[in-house]
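An overview of the molecular structure
What follows is each chain in one-letter form.
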Amino acid sequence: MQLAAEFGTGQVLWSIIWFFLFFIWIMLIFQIFGDIIRSDKSGVAKALWSVLIIFLPYLGVFAYLIFNGSGMAQRQVKAAEDNQEAMQAYIRDAAGTSGTGGTAEELTKLADLHNSGKLDDAEFAAAKAKLIHG
């Protein structure tokens, strides 16, 4: 209890500042490791950057930011765009509204072909089963 009594407001503020600086440092390291993995460098270059950041963290982080900092934002934006496109494709596929029009529209086209005589009963049944069961 005596330690808490001696810990003044200025020391609390100073501790909070150091905590947030440490948190920012950890986030920066995670960002850089993510960028190393995302980059198009060779495996050897990725390993060397990783070893440098692990064993000489300050030097490694600052060197990485100097040499590769300009491309970090571009790679991050590209990764976000790729994720957005993948998510939109998944949503369209799950909703059945992809470029083909979905299963219901395909079944309607098959029924029209069957009714017009372009597909016989066996071909229609096979195509229908393929659409329904994937």
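Residues numbered from 1 in each chain as written. Predicted model: local features only at pLDDT ≥ 70, side-chain atom pairs only at ≥ 80, totals over all residues. Heavy atoms only, no water.

A closer look at the side chain of Asn68
Applicable threshold: Numbered from the N terminus, helices here are DSSP runs of H or I no shorter than four residues, and strands are runs of E no shorter than two. The cut-offs for exposure are 20% and 50% of the maximum accessible area for each residue type, with area from a 1.4 Å probe on protein chains only; residues under the lower value are buried, those over the upper are exposed, and the others partly exposed.
Note on placement: Asn68 falls in helix α4 (residues 57-95). You can call Asn68 buried: its relative accessible area is 13%.

Side note on the packing of helix α2 (residues 9-38) against α4
What counts here: Fitting a line to C-alpha atoms yields each axis, with helices limited to the stretch in contact; the angle taken between N-to-C directions then spans 0 to 180 degrees. We call two directions roughly parallel when the angle between them is under 35 degrees, roughly antiparallel when it is over 145, roughly perpendicular when it lies between 65 and 115, and oblique otherwise. Helix crossings get a hand from a simple test, with the near helix turned counterclockwise from the far one by less than a right angle marking a left-handed crossing and a clockwise turn marking a right-handed one. By definition, residues are in contact when any of their heavy atoms lie within 4.5 Å. Note that Gly is not counted as nonpolar here; it falls among the polar residues with everything else outside the nonpolar set of Ala, Val, Leu, Ile, Met, Phe, Trp, Tyr, Cys and Pro and the charged set of Asp, Glu, Lys and Arg.
Between α2 and α4, the least distance of the axes is 8 Å, while the angle of their chain directions is 60°. Between α2 and α4, the angle falls in the class oblique. For the element pair α2 and α4, the recorded crossing hand is left-handed. Across the interface between the two elements, Trp25, Leu28, Ile29, Gln31, Ile32, Asp35, Ile36 and Arg38 of α2 pack against Pro57, Tyr58, Val61, Phe62, Tyr64, Leu65, Met72, Arg75, Gln76 and Ala79 of α4. Partitioned by chemical class, the residues of the contact of α2 with α4 number 13 nonpolar, two polar and three charged.

Structural notes on the confidence of the model for the protein
Cut-off, in case you're wondering: The pLDDT score gives, residue by residue, the confidence of the prediction method on a 0 to 100 scale.
Considering every residue of the protein, the mean pLDDT works out to 87; 90% of them sit at 70 or more. Taken element by element, the protein is modelled with least confidence in helix α1 (residues 2-6), mean pLDDT 63, and with most confidence in helix α3 (residues 43-55), mean pLDDT 95.

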